[in-house]
Amino acid sequence: MLLRLHQIDKFYSTGEGPLHVLHGIDLSLEAGKSLALTGESGSGKSTLLHLVAGLDSPDAGEIHLGGTNIVGLNDTALAALRRGTVGLVFQQFNLIPSLDVAANLAFQARLAGRPDPAWLKVLAERLGLAKVLTRYPEQLSSGQQQRVAIGRTLAARPRLVLADEPTGNLDEATGDAVLDLILSLVTETGAALLMVTHSNRLANRLNAHVHLQAGRLV
Amino acid sequence: MVWTGLTALLSHWRMRPVQLAMLLLGLSLATALWSAVQAINGEARASYDRAAAILGQDRLAQLVREDGARIDQQVFVRLRRAGWLVSPVIEGEMRFGDVRLRVLGIDPLTLPPQAQQVDIAAGDQLLPFITAPGVLYAAPETAARLTEQATPPVRVAEGLPPGTVLTDIGQAQVLLGAKDKISRLLLWPDQPIGRAPLKLIAPGLTLREPSETGDLARLTDSFHLNLTAFGFLAFAVGLFIVHSAIGLAFEQRRPVFRTLRALGLPARVLVLLLIAELLIFALLAGLVGVALGYIVASALLPDVAATLRGLYGADVPGTLSIRPAVWAAGLAIAVIGTLVAAAQSLWRLWHLPLLAAAQPRAWARASERALRAQGVAAMVLLLTAAGIAQFGSGLEAGFALLAALLLGAALALPLVLTGILHLGGRLARGPLAEWFWADTRQQLPGLSFALMALLLALAANVGVSTMVSSFRLTFIGWLDQRLSSELYVTARTEAEATAIHDWLAQRSDAVLPIWSIEGRVAGQPAAIYGVADHATYRDNWPILSAVPEVWDRIATGEGALINEQLARRQGLGLGDQITLPGGWRASIVGVYADYGNPIGQVIIGIDTLVQHYPDVSRLRYAIRIAPGKAEALARGLRAEFGLPAQNVIDQAGIKVFSLKVFERTFNVTAALNVLTLGVAGLAMFASLMTLSGMRLPQLAPVWAMGLTRRHLAWLELSRGLLLAALTMLAAVPVGIALAFVLLAVVNVEAFGWRLPMHLFPGDWARLAALALLAAGLAAAVPAWRLARLSPSDLLKVFAHER
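Definitions and cut-offs
- Residues numbered from 1 in each chain as written.
- Chains lettered and ligands numbered in written order.
- Predicted model: local features only at pLDDT ≥ 70, side-chain atom pairs only at ≥ 80, totals over all residues.
- Heavy atoms only, no water.
- Pairing = 2+ DSSP bridges.
- Helix = DSSP H or I, 4+ residues; strand = E, 2+ residues; numbered from the N terminus.
- Contact = heavy atoms within 4.5 Å.
- Axes fitted to C-alpha atoms, helices over the stretch in contact; angles between N-to-C directions.
- Core = buried A, V, L, I, M, F, W, Y, C linked by side-chain atoms within 4.5 Å.
- Buried < 20%, exposed > 50% of the residue type's maximum accessible area, 1.4 Å probe, protein only.
- Domains from an automatic or database assignment.
- Buried area = accessible area lost by both parts, 1.4 Å probe.
- Salt bridge = Lys/Arg side-chain N within 4 Å of Asp/Glu carboxyl O.
- Polar contact = N/O pair within 3.5 Å; in protein donor to acceptor, adjacent residues only side chain to side chain.
- Parallel < 35°, antiparallel > 145°, perpendicular 65-115°, else oblique.
- Nonpolar A, V, L, I, M, F, W, Y, C, P; charged D, E, K, R; others polar.
- Phe/Tyr/Trp six-rings, centres within 6.5 Å; stacked < 30°, edge-to-face > 60°.
- Lys NZ or Arg CZ within 6 Å of the ring centre and 35° of its normal.
- Expected span 1.5 Å × (residues − 1).

This part covers the sheet that holds strand S5 (residues 68–69) of chain A. Within a sheet, each strand pairs with its neighbour through backbone hydrogen bonds, oriented either parallel or antiparallel. Residues and elements named next belong to chain A. One open sheet accounts for four strands, arranged S2-S1-S4-S5; its pairing is antiparallel. The sheet terminates laterally at strand S2 (17–29) and S5, the two strands that pair on one side only. Pairing of strand S4 (residues 60–65) with S5 involves two bridges; the strand directions are antiparallel. Counterpart to His64 in the pairing with S5 is Asn69. Packed on one face of the sheet, helix H1 (residues 45–52) meets strand S1 (3–14), S2 and S4 and runs near 120° to S1.

In structure tokens, the structure reads:
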């Protein structure tokens, strides 16, 4: 099992006291499989994704990634995990505005110490970015920016791809095309995919689908 | 609508108190340094005006000798007999113990009412005034300085300029050792008709019209212009902070502007509201700034007063008075400065489409266009500087050259840094290094004004410290040459002087007279010294240019040496003829360095001096003796003649005193330099703090991709240090150019001497360390905040609701 979550609890402190965001979440995902995580706004989807990515830590429970419980790892170990094991695709794309498309695409792979120019070339072709490699992110359309973000993640060949509403900022046709790309590339690389989405239609295209409601899996 | 709009705009600052504090602080400090200089200058000028107005000089015409020499008292008698309504005045400098004062002697019986400085006729004051031992009237602060000294009775009189004592002309003649001599004659405004013409009765005299500006005001103009230039530089540096803070605030508020416009607020109203907001800030910061300026001025004024006294003999009180003009000028400069600093932002707001999103790269690209325009402006300014250097003349041209050079260099800085960062990016290996260089380049528009402020401050520091250190080195060498005698003695009377001379003749290697008269040479106030024909002068005198056998020609009375400032001001050179007091002429046989002296100086042979000026005061001597015996001789002199300690000074004592005066002269410059550097450091801090809030969207993805917050914080700190280091590197050549202009143009125009330039890389290294420390401190707070930022704050960047 690539990913296993056991009895995850998460609280946020607010002005009115602690807010219990996630209640005893249990979840698992095998390598090469994809899982959709749906739910209303505020149901805790993104929080769960951030916990898996090691961007935040749970208040209780265990997160096993590739056999290692990442809960309690220090900052440096979590950073190494994000560099080498997981890849993140954000709704807002979050490209690096000061780097051009080529540098953005290669960035994470190089950061992870796995630069692979041949694979990058393939990705750029597959993602339709070959002609915009010297442009800067702001000179691209939203769909192009999201394809750069996907390419950046997959270039590092992560074992787990975490996608947070990757098509949320795109129109339906572009969104479908982007998801097609993610799924096919994830399959080709043998990675697992955990995707947060509002859309049941998109969720149904993945191998499995779980729903979060008020911080509980239903 | 207006109030609602203003509330929405002001709410921005409630959310960003640090940014508001930086804006207000920048403006306050800029105003403070400017106001401090204005307050100091105002105080000094008021003092000069008082000095110029003494005895009604600003309202009464006077009769003086064309060559500035003293007039025989008989001339006064002749004029009175011929019907001229004139009143005699004698003035001169003298030392009471260790206090040097200007003594002004008047005749209370013939003094015109317009020249009444003190009501001497009141009560029973007249008799003690005109009879021995006389009375000295002095301003309260001057009277206080005289309490410990042996003087005639001192009475306090308000309204007299500091450093001046007023006494009866007879007493003054005794004190000044100028029996039957007067300096000038005051003319009553209404003169009898039909009196004999002046040429007939007193052919050597000339009429001088009343003048509102005294010699002091003219002499010290360059010093005050220097201070004003520094005040303006500090103000300009402060304005860079204001410009930067306003620019960032405008960029941050673009969504608010868009919303307000969408809700129906006209563009013109929006701009007016922003101007109103700026005016509120300007007035607030202006008030704080002027108050701070007074505090800074109070701290600096004692040194300025000491400088003016040491360098120009100008007495300025060491305390400040509150002047409404300084407050008004301070507030006006704050408002004008704010509007100038905001002009670009307001222009952009007026012209840019409001629907343009606030994206860092969009901003950077807009700045790239601005950068190109900036580059053109920099080029024009630097070419202008070169043009002025080639063809300009005068002190104003010197300062225009400095302004063009500094502003041109500051405007060129972002361009230069962009080039270096591009190069760094090309040479970088590894994704982090590439990102670091690219991201640093992207930060440049937000930081460029702070960096330009830093460049100005650092360049000013390099330039001024190079100038001061060059001056110090030259000055010390010059002192060694000039003060080659081991002891200097001043007798109290001529009889004592003769006795001392005879006593010393047996006990020393040489006794060299230091006798001089004051007068006018080529229309300028000057001192004429006589020197003995002795190896002391032949071997040591700091000659800049001379004809062969110059000292032989001086000794035979064939020629005169003049100081560099007289030569430069009057365009005099070797072989030129000058007319000396008394109307005789001498040929210039040499020019010598005479640093720190504001007036012209002429050196002739001692015999020639005595021949032309038989009444010359013969009180001072330089003594040559083996250095090891000097102290014993000084003790013997004091014991034999009962001379006060200050009348026998050894060479080291004079050097220490001279160097003290020198150091104090540049204390103010050094203080303004440090303050300017502080303001620039604050500019860095303000910009980095403001930018740190805007940086999260760029940093969070890198963090998410596997960099720790601490690593990112180190990179942010390194970025600040890198930019500061590059700015320092750029500041060195600009500073050297500045030093060159100060030494070769401004000093020559202002003081009349040109100094050789020496370079001090050790000082630059210290300054670089200081700049890096300042930049490090400025970058440390945002970096520390980043390192301590909770993941949830970074995660907000990825939140859908953002």
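The rest of the description comes next.
Take the nonpolar core next. Soluble globular proteins tend to pack their nonpolar side chains together in the buried interior. In this structure, Leu3, Leu5, Leu160, Leu162 and Leu194 of chain A together with Trp435 of chain B are the most contacted members of the largest nonpolar core, which totals 191 residues. Counting residues per element, this core draws most heavily on helix H14 (residues 431–482) of chain B, at 27 residues. Looking at which domains feed residues into this core, each of domain 2 (221–263 + 271–291 + 336–477 + 657–798) and domain 3 (487–624) of chain B supplies at least three. Residues in contact with Leu162 of chain A, not counting those within four places in the same chain, are Leu49, Val52, Ala53, Val86, Gly87, Leu88, Val89 and Leu194 of chain A. Among the nonpolar cores identified, the runner-up in size contains 40 residues, and Leu580, Leu609, Val616 and Ala634 of chain B belong to it.

Here we come to the interface of chain B and chain A. Contact residues are listed per partner, giving 31 residues for chain B and 28 residues for chain A. Taking both partners together, chain B and chain A bury about 2,800 Å²; carbon and sulfur atoms supply 58% of that area. The interface formed by chain B and chain A contains two salt bridges. Residue Asp75 of chain A pairs with Arg709 of chain B through a salt bridge whose shortest N-O separation is 3.2 Å. On the surface where chain B and chain A come into contact, there are seven residue pairs in polar contact (both at pLDDT 80 or more). If you list the elements that add at least two residues to the side of chain B that touches chain A, you get helix H12 (360–391), H14, helix H21 (651–704) and helix H24 (791–795) of chain B. In terms of residue count, H14 of chain B provides more of the side of chain B that touches chain A than any other element does, eight residues in total.

This part is about the sheet that holds strand S6 (residues 86–89) of chain A. All names here are of chain A. Here we have six strands laid out as an open sheet, ordered S6-S7-S8-S3-S9-S10, and mixed in their pairing. A single partner strand is all that each edge strand has here, and the edge strands are S6 and strand S10 (216–217). Bridge count for strand S3 (residues 34–39) against strand S8 (residues 192–197) is five bridges, and the pairing is parallel. Opposite Thr38, over in S8, you have Thr197 as the bridge partner. The strands that helix H5 (residues 142–155) touches are S6 and strand S7 (160–164); relative to S6, the one it contacts most, it runs at about 175°.

Residues and elements named next belong to chain A. Relative to each other, H5 and helix H6 (residues 172–189) sit at 10°, their axes nearing to 10 Å. Judged on the interaxial angle alone, H6 and H5 are roughly parallel. In this structure, H5 contributes Gly143, Gln146, Arg147, Ile150 and Leu154 to the contact, and H6 contributes Thr174, Val178, Leu181, Ile182, Leu185 and Val186. Within the contact of H5 with H6, the residues separate by chemical class into seven nonpolar, three polar and one charged.

Attention now moves to the pattern of salt bridges. Once their charged atoms are close, side chains differing in charge can pair, the charge on each being opposite to the other. All names here are of chain B. Under the counting rule described, the total for this entry stands at 25 salt bridges over all chains. Note that Arg102 and Glu91 form a salt bridge whose closest N and O atoms lie 2.8 Å from each other. Note that Arg102 is positioned in strand S4 (residues 99–106) and Glu91 in strand S3 (residues 86–96), a separation of 11 residues in sequence. Put simply, Glu716 and Arg695 hold a salt bridge, and the shortest N to O gap is 2.7 Å. In this pair, Glu716 sits in helix H22 (residues 709–750) while Arg695 sits in helix H21, placing the two residues 21 residues apart along the sequence. Considered together, Glu716 and Arg695 belong to a single accessibility category, that of buried residues. Here the salt bridges share partners, and the residues they tie into one network are Asp439, Arg695, Glu716 and Arg719.

Our focus in this paragraph is unusual backbone geometry. In this model, Gln7 of chain A sits at a positive phi of 50°, which is unusual for a non-glycine residue. Within the element layout of this structure, Gln7 of chain A appears in strand S1. A positive phi is found at Glu549 of chain B, a non-glycine position, where the angle reads about 50°. Here Glu549 of chain B is to be found in the loop between strand S15 (543–546) and helix H17 (550–555).

What follows covers the packing of aromatic side chains. Residue and element names in this part refer to chain B. Taken as a whole and judged by the stated rule, the model has 14 aromatic pairs over all chains. Aromatic pair Phe471 and Tyr595: ring centres 6.1 Å apart, planes at 80°, arrangement edge-to-face. Placement of the pair is Phe471 in helix H14 and Tyr595 in the loop between strand S18 (585–592) and strand S19 (600–605), with a sequence separation of 124 residues. Among the aromatic residues, those joined into a ring-pair cluster are Phe471, Phe475, Trp478 and Tyr595. In this structure, Arg719 packs its charged tip against the face of Trp435, placed 5.5 Å from the ring centre.

Next up on the list: H5 of chain A. All names here are of chain A. With 14 residues, H5 should reach 20 Å at 1.5 Å per residue; the first-to-last C-alpha distance of 20 Å fits that figure. For H5, a buried count of 12 out of 14 residues is recorded, marking the element as mostly surrounded by other parts of the structure. Along H5, the residues that are buried comprise Gly143, Gln144, Gln145, Gln146, Val148, Ala149, Ile150, Gly151, Arg152, Thr153, Leu154 and Ala155. Elements that come into contact with the buried residues of H5 comprise S6, helix H3 (101–111), helix H4 (117–126), S7 and H6. Just past H5, the residue Arg157 takes up positive phi, approximately 50°.

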